[in-house]
Amino acid sequence: MAAAAAAVPVNLRLGDLVWGKLGRYPPWPGKIVNPPKDLKKPRGKKCFFVKFFGTEDHAWIKVEQLKPYHAHKEEMIKINKGKRFQQAVDAVEEFLKKGKGKDQASHNSTEEKNRRNSSEERGKQSVGEEKHKANLSEGKPKKRVSSVSSERGSKSPLKRTYEQSPRKRGRPPKDEKDLTIPESSTVKRMMTGTMAGFKWPPSVSEPAVCYQAITKKLKVCEEETGSTSIQAADSTAINGSITPTDKKIGFLGLGLMGSGIVSNLLKMGHTVTVWNRTAEKCDLFIQEGARLGRTPAEVVSTCDITFACVSDPKAAKDLVLGPSGVLQGIRPGKCYVDMSTVDADTVTELAQVIVSRGGRFLEAPVSGNQQLSNDGMLVILAAGDRGLYEDCSSCFQAMGKTSFFLGEVGNAAKMMLIVNMVQGSFMATIAEGLTLAQVTGQSQQTLLDILNQGQLASIFLDQKCQNILQGNFKPDFYLKYIQKDLRLAIALGDSVNHPTPMAAAANEVYKRAKALDQSDNDMSAVYRAYIH
């Protein structure tokens, strides 16, 4: 029976709660609603317009990618334990409770009207019978007594009966026709990732044409500072409606960040050639459709735009200036985008040598971690060639939720170091607070619960505290890299004679953690510097 239901979707209609599968992303609870008037239904297979709970997403979904909510609820909950997923399910349950409340209120109102009308009619009938008996006792001739009062000013029986007639049972009140889903105030984006074990019909090889998100339109925003952002309301990778550039894309460096970026570029239809110092890391992407470049110079010479994401200033310079490096493949018109987090002097030097060969240069370091990279939710900070920035728009949409253009080369490097300086200092403070709680006999879990209910509440705070409480320091952002960024941020402050005492103090704690062999662990392992 279950197998049959999975193979042949049940009849669906407007207002039904469903599980909808959008592209490569996991099934998500939603509701079939009316599309906006100006949004045409895609041609081809039968589709429904679905609004997803706990997100800002709307999309046309093929009927074979939809499953009834209630019939598959338990199955979905067993498969996925994610926090955002659970919040979306909670939003569905809240919606159902509100719906039941309206139905009950409507039912009670109808019953009350029926009771009052019945009581009123019985009362009138009783009055008529009393008058009839009185007339008989006085010897008056019999008169037909109406069951409706005929006193002066009363309405005609027909009119009164029409106005007092209750609504037919089963007809929903007008306000129940609103199919708008209440938005969850705590959930802003759809959780992404895989959900093994849930069987959906295989996707066709052609681009998905039966769904079209309407809240992810590209927009360019100018600010007074001169910065510009190409952004989407939510991750455009979730959208799935990106039109990939026809330019050939190269990518150098498949570390924690680079791997997720390349995966999203491929999934959104870009043609990508990859290279990595450790060649084995390329194998997975070759299987996904990427091409293999033997050297950085070969990748640059065969591609229109080449991205690179490596660990530090030395690696960035070696990649460009070393043997068979990027510079050897640069010819007039070739484009190079460095996404590494480095200092402004390094990126300025690289820009000069690239441009001297007739190439175009853009710096584009990213804010985020491995999970955000995998989810296509990075924040990209770009500076340099404005035209190249615009040429990269489909790539930036595939890998991130927002990208900012910050002007001349060096600005993005400076901004990125400041962002990571704040993040690294905050992480050290979190670790310091948790250890202070422990040594003073306070519950670390209770401290986290209190922080999560206050103004500091954030995904970053919760995840890093959970890492510490569980003793799980699997790298999401290497500790050695955040210490490198703190060091470079302090040097940036020194270059303009600006004090950075908080960053300097945090930097010393990270240095101690490195001395304790925590370099290749997550940045949250700075906690161990306080307990040893």
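For the structure itself, consult the block above.
The notes below deal with the structure included here. Predicted model, so just to flag it, every value in this text is computed and none were measured.

Turning our attention to the packing of aromatic side chains. Applying the stated rule across the entire model yields 10 aromatic pairs. Judged by centre distance (6.3 Å) and plane angle (20°), the rings of Phe251 and Phe307 are stacked. Of the two residues, Phe251 is situated in strand β8 (residues 249-252) and Phe307 in strand β11 (residues 305-308); the sequence distance between them amounts to 56 residues. Judged by its relative accessible area of 0%, Phe251 falls in the buried class. Within the aromatic cluster, the residues linked to one another by ring pairs are Phe251, Phe307, Tyr389, Phe396 and Phe405. When the ring centre of Phe405 is taken as reference, the NZ or CZ atom of Arg386 above it lies at 5.1 Å. Cation over ring: Lys480 sits above Tyr478, and NZ or CZ is 5.2 Å from the ring centre.

For the rest of this paragraph, the subject is the pairing of strand β12 (residues 335-338). Judged by which residues are buried, β12 turns out to be covered on both faces: Cys335 and Val337 on one side and Tyr336 and Asp338 on the other are all buried. Where β11 meets β12, 4 bridges bridge the pair, whose relative direction is parallel. In the sheet register, Ala308 faces β12, and the bridge partner there is Asp338. Of the pairings in the sheet, the one linking β12 to strand β13 (residues 360-363) comprises 4 bridges and is parallel in character. Of the residues in β13, the one forming a bridge with Val337 is Leu362. Following the chain from β12 across helix α11 (residues 344-356) to the adjacent parallel β13, one finds a crossover that is right-handed.

Note: disulfide means a covalent bond formed between the sulfur atoms of two cysteine side chains. Applying the stated criterion across every chain, the model contains 0 disulfides. Residue Cys335 stays outside any disulfide, its sulfur separated by 7.2 Å from that of Cys392, the closest cysteine.

So, about the side chain of Gln483. Within the fold, Gln483 resides in helix α18 (residues 479-495). At a separation of 2.9 Å, a polar atom in the side chain of Gln483 contacts the side chain of Asn507. Discounting chain neighbours no more than four positions away, the residues touching Gln483 are Asn507, Tyr510, Lys511 and Lys514.

Despite not being glycine, Ser324 has its phi angle at roughly 55°, a positive value. Here Ser324 shows up in the loop between α9 (313-321) and α10 (326-329). Within the chain, Asp517 stands out as a residue other than glycine whose phi angle is a positive 70°. Within the fold, Asp517 resides in the loop between α19 (501-515) and α20 (528-531). Judged by its relative accessible area of 66%, Asp517 is exposed.

So, on to the pattern of salt bridges. One pass over the full model with this rule turns up 11 salt bridges. For the salt bridge of Lys484 with Asp485, the shortest nitrogen-to-oxygen distance reads 2.8 Å. Judged by relative accessible area, Lys484 falls into the buried class, the value being 6%. Each of Arg360, Asp385 and Asp391 takes part in a single network of salt bridges with overlapping partners.

Core analysis: the largest hydrophobic core is formed by 35 residues, its most contacted members being Phe251, Phe307, Met339 and Phe396. Of all the secondary structure elements, the ones that give two or more residues to this core are β8, α6 (256-267), β9 (272-275), β11, β12, β15 (378-384), α13 (386-391) and α14 (393-399). A per-element tally of this core places α6 first, with 5 residues. When sequence neighbours within four positions are dropped, the list of residues in contact with Phe307 reads Ile249, Gly250, Phe251, Leu252, Val337, Met339, Cys392, Cys395, Phe396 and Met399. One finds Phe460, Phe473, Ala503 and Val509 within the second-largest nonpolar core, a separate group that totals 30 residues.

Here we take up the packing of α9 against α11. The geometry of α9 relative to α11 is characterised by a closest axis approach of 10 Å and an angle of 10° between their N-to-C directions. As judged from the angle between their axes, α9 and α11 are roughly parallel. Along the contact surface, α9 presents Pro313, Ala316, Lys317, Val320 and Leu321, while α11 presents Thr346, Glu349, Leu350, Val353 and Ile354. Partitioned by chemical class, the residues of the contact of α9 with α11 number 7 nonpolar, 1 polar and 2 charged.

Rules and cut-offs
- Residues numbered from 1 in each chain as written.
- Predicted model: local features only at pLDDT ≥ 70, side-chain atom pairs only at ≥ 80, totals over all residues.
- Heavy atoms only, no water.
- Phe/Tyr/Trp six-rings, centres within 6.5 Å; stacked < 30°, edge-to-face > 60°.
- Helix = DSSP H or I, 4+ residues; strand = E, 2+ residues; numbered from the N terminus.
- Buried < 20%, exposed > 50% of the residue type's maximum accessible area, 1.4 Å probe, protein only.
- Lys NZ or Arg CZ within 6 Å of the ring centre and 35° of its normal.
- Pairing = 2+ DSSP bridges.
- Right-handed = clockwise from strand over helix to strand, strands pointing away.
- Disulfide = S-S within 2.5 Å.
- Polar contact = N/O pair within 3.5 Å; in protein donor to acceptor, adjacent residues only side chain to side chain.
- Contact = heavy atoms within 4.5 Å.
- Salt bridge = Lys/Arg side-chain N within 4 Å of Asp/Glu carboxyl O.
- Core = buried A, V, L, I, M, F, W, Y, C linked by side-chain atoms within 4.5 Å.
- Axes fitted to C-alpha atoms, helices over the stretch in contact; angles between N-to-C directions.
- Parallel < 35°, antiparallel > 145°, perpendicular 65-115°, else oblique.
- Nonpolar A, V, L, I, M, F, W, Y, C, P; charged D, E, K, R; others polar.

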